[in-house]
Amino acid sequence: MARVKMTIAYIGTGFAGWQIQAVKGREQPHTVQGVLEDALADLLGSRVRVHASGRTDSGVHADAQVVHFDVDDSASGINWAGALQRRLPPEISIVEAELADSDFHSRFSCRGKVYTYCLWLGRGYVPPRLKDFAWASGPLDISLMEQAAAVLIGEHDFAGFQNVGTPIEDTVRVLESISHFPLPLPGEGRAGEDSPHLAWRFQGNGFLKQMVRNLMGFLVYAGRGRLEAQDALRVLESGDRTLLEFPTAPACGLSLTKVLY
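Remember, predicted model here, so these are calculated numbers, not experimental data. (Residues numbered from 1 in each chain as written. Predicted model: local features only at pLDDT ≥ 70, side-chain atom pairs only at ≥ 80, totals over all residues. Heavy atoms only, no water.)

Undergrad: Just to check I follow, could you spell out the overall build of the protein for this structure?
TA: Scanning the protein for helices and strands turns up five helices and ten strands. Expected size for 261 residues packed as a compact globule is a radius of gyration near 18 Å; at 20 Å, the protein falls within 12% of this value. In terms of principal-axis extent, the alpha carbons of the protein reach across some 60 × 45 × 40 Å. Counting over 261 residues, the protein shows a buried share of 48%. Here the contacts in the protein between residues at least 6 apart in sequence split such that 69% fall between residues at least 24 apart. When the accessible area of the protein is evaluated, it comes to approximately 12900 Å², of which 48% is carbon and sulfur surface. Averaged over its 25 positive side-chain charges, the protein has a centre that lies 4 Å from the centre of its 30 negative ones. (Helix = DSSP H or I, 4+ residues; strand = E, 2+ residues; numbered from the N terminus. Rg over C-alpha atoms; globule rule 2.2 N^0.38 Å. Buried < 20%, exposed > 50% of the residue type's maximum accessible area, 1.4 Å probe, protein only. Contact = heavy atoms within 4.5 Å. Areas by Shrake-Rupley, 256 points an atom, 1.4 Å probe, with all protein chains shown as cover. Lys, Arg positive; Asp, Glu negative; His and termini not counted. Charge placed at Lys NZ, Arg CZ, Asp CG, Glu CD.)

If you want it as structure tokens, here you go:
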């Protein structure tokens, strides 16, 4: 058997997340994994299970999701990027494909990830081109957000920043960095420092279910003056996000930017 490693990008707006879902009595939800496995089945004449570095939720995007799958040695010479791209919708792109060692695993070999979350800080009007790719948060005090972010960085038990999902015993993670930078406005090549289009980048050794979206929700409420930086410690130490009121940020602004190996 040969193991193929691929990096793919996708617009998550029209998908019910990455993972194929077991559903009885109704049509299978439209997922990235399902579409990719259908394309492989059409190419190979048999079904192949594709494993990803992690799940992305419904509406979440990816710039560099890493996946792997096994095929017979006779298929190892296929031009995967070219052959699969013709069978995929325009919302999914093959960034690169290569053969990997048999012990490589897209999930278990991963040592960290980088996510990017985009905000629109303008009042009222949101450029239509950004509607599915940014949270219209409105004006925010960035200095207050930076103070709150500084409290969150490091090794913590992030149980209070996860949503209900797959049971997991170890909720300790290392959040290595939180940074932000301006993005260009639609139609403009460069981003000014006062651009209302802002990206926040989160890098860590792993993330719990919807952890980045909850962190972003907390930071936005800090930026609105509704939470203080030290409130983050209350959530971290108690493991209970219900002690404070802050939202799970919308899926549309989030993208998996990089998987680290």
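More follows now that the structure is in view.
Undergrad: When you look at unusual backbone geometry in this model, what are you seeing that I'm missing?
TA: With glycine set apart, most residues show a phi of negative sign, and most peptide bonds adopt trans. Of note in this structure, Gln-210 is not a glycine but carries a positive phi near 55°. Following the sequence through the fold, Gln-210 ends up in the loop between β9 (197-204) and α4 (211-223).

Undergrad: I'm lost on the nonpolar core in this one. Help?
TA: Note on soluble globular proteins: their nonpolar side chains tend to be buried together. Counting residues in hydrophobic clusters, the biggest one holds 69 residues, and the most contacted among them are Phe-202 and Leu-219. Discounting residues that sit within four places of it in the chain, Phe-202 has contacts with Lys-113, Val-114, Tyr-115, Tyr-117, Leu-175, Ser-177, Ile-178, Phe-207, Val-212, Leu-215, Met-216 and Leu-219. Membership of the second largest hydrophobic core comes to six residues, among which are Trp-120, Ala-134, Leu-183 and Ala-199. (Core = buried A, V, L, I, M, F, W, Y, C linked by side-chain atoms within 4.5 Å.)

Undergrad: Quick question: what am I supposed to make of helix α3 (residues 142-152) here?
TA: Helical periodicity: at 3.6 residues per turn, an α-helix aligns residues three or four positions apart in one direction. Those residues of α3 that sit buried are Met-145, Ala-148, Ala-149, Val-151 and Leu-152. An end-on view of α3 places all buried positions within 155° of arc, on one side of the element. Here the buried face of α3 lies against β5 (112-120), β7 (154-157), β8 (172-182), β9, α4 and α5 (231-238). Following α3 by one or two positions, Gly-154 adopts a phi angle in the positive range, close to 120°. (Arc of directions from axis to C-beta.)

Everything listed is a geometric property; what it means functionally is a separate question.
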